[in-house]
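An overview of the molecular structure
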Amino acid sequence: MNIQHYKQRLLDLEKTLSARIRQEADHGRGEFIDSAHDVGDASVADEVASEEFTEAEHNADVLQQVRDALGRVEDGTFGTCIVDGGPIEEQRLEAVPWTPHCLKHAQRLEVEASSRTPTL
Ligand SMILES: [Zn+2]
């Protein structure tokens, strides 16, 4: 596995995501202030702003995972599953370079996460 290749991708992602988070935070705020001021209907602007904040939050989540992955590059544990220490599929790393789980454990976690969702 070519660690340098993934490290470079992670560094690029870190840069892109931080820039996007800053932009979205600014844009979300600007939108809220402008529309509330012009239209006098704060609820619509509020909705738009909160959607963008949610997107920014998602980016912040991924950014955190990208940084964790860069930490694993430094530790020499990048590319191994944090559950069982087994190798993560290269195809998977190519698609999601920040993933800390092999396909098997990622799927298991997904199932667990969805079964934890409270049903009413
Ligand atoms: Zn695993």
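The structure this text deals with has already been given above.
The following refers to the structure shown. These numbers were taken from a predicted model, which means no experiment stands behind them.

Basis of the calculations
- Here the residue numbers are simple positions, counted from 1 along each chain's written sequence.
- With pLDDT at 70 or above as the cut-off, local features in this predicted model cover only qualifying residues; side-chain atom pairs require 80 or more to be listed or tallied, and sums for whole chains, interfaces and linings still use all residues.
- In computing side-chain values, all of the structure's heavy atoms are included and hydrogens and water are not.
- A run of H or I in DSSP counts as a helix once it spans at least four residues, and a run of E counts as a strand once it spans at least two, with each numbered from the N terminus.
- For every residue, the accessible area obtained with a 1.4 Å probe (protein chains only) is divided by the maximum for its type, and the residue is called buried under 20%, exposed over 50%, and partly exposed between those limits.
- Only heavy atoms matter for contacts: two residues are in contact if any of them lie within 4.5 Å across the pair.
- The criterion is simple. A nonpolar core is a set of buried Ala, Val, Leu, Ile, Met, Phe, Trp, Tyr and Cys residues joined through side-chain atoms within 4.5 Å.
- In this tally, Lys and Arg are treated as positive and Asp and Glu as negative; His is ignored, and so are the chain termini.
- Note on definitions: salt bridges are taken to be side-chain nitrogens of Lys or Arg within 4 Å of carboxyl oxygens of Asp or Glu.
- In this listing, donors mean N, O and S atoms no farther than 2.8 Å from the metal, or 3.2 Å for Na, K and Ca; water is missing from the atoms, so a site can look incomplete.
- Whether two aromatic rings pair depends on their centres lying within 6.5 Å, for rings of Phe, Tyr and Trp, where Trp uses its six-membered ring; planes under 30 degrees apart make the pair stacked, over 60 edge-to-face, and the rest tilted.

1. Describing the overall build of the chain
- Along the chain, the regular secondary structure elements total four helices and zero strands.
- Each helix (α) and strand (β) of the chain, taken in turn from the N terminus, gives the series α-α-α-α.
- Counting only residues that meet the buried cut, the chain has 29% of its 120 residues in that class.
- A sequence separation of at least 24 residues applies to 56% of the contacts in the chain between residues at least 6 apart.

2. With respect to the nonpolar core
- Membership of the largest hydrophobic core comes to 16 residues, with the highest contact counts inside it found for Leu-10, Val-66, Phe-78 and Trp-98.
- Of all the elements in the fold, those that place two or more residues in this core are α1 (3–38) and α2 (42–75).
- With six residues, α2 is the largest single contributor of residues to this core.
- In contact with Phe-78, not counting residues within four places along its chain, are Met-1, Ile-3, Tyr-6, Leu-10, Ala-69, Arg-72, Val-73, Leu-93 and Pro-97.

3. Comments concerning the side chain of Arg-72
- Along the polypeptide, Arg-72 turns up in helix α2.
- With no salt bridge to any partner, buried Arg-72 finds its closest opposite charge in Asp-68, at an N-O distance of 5.3 Å.
- Arg-72 has contacts with Thr-77, Phe-78, Ile-82, Trp-98, Thr-99 and Pro-100, leaving out every residue within four places of it along the chain.

4. Details of the pattern of salt bridges
- Following the criterion strictly, the structure yields three salt bridges and no others.
- Residues Glu-94 and Arg-9 are paired through a salt bridge, measuring 2.8 Å at the closest nitrogen-oxygen approach. In this pair, Glu-94 sits in helix α3 (residues 90–95) while Arg-9 sits in helix α1, placing the two residues 85 residues apart along the sequence.
- For Glu-94, a relative accessible area of 37% gives the class partly exposed.
- Judged by relative accessible area, Arg-9 falls into the partly exposed class, the value being 26%.
- The shortest N-O distance in the salt bridge between Glu-14 and Arg-67 comes to 2.8 Å.

5. Concerning the coordination of the zinc ion
- The coordination sphere of the zinc ion, as far as protein atoms go, consists of Cys-81 (SG), Cys-102 (SG) and His-105 (ND1), spread over 1.8 to 2.3 Å.
- Written as a sequence motif, the donor arrangement for the zinc ion is C-x20-C-x2-H. The two residues Cys-102 and His-105 agree in class, both being buried.

6. Thoughts on the packing of aromatic side chains
- Enumeration according to the criterion identifies one aromatic pair in this entry.
- Both rings, one in Tyr-6 and one in Phe-78, keep their centres 5.7 Å apart while their planes meet at 40°; by these two values the pair is tilted. Remark: Phe-78 occurs in the loop between α2 and α3 and Tyr-6 occurs in helix α1; sequence separation between them is 72 residues.

Limitation: the analysis is restricted to geometry and does not speak to function.
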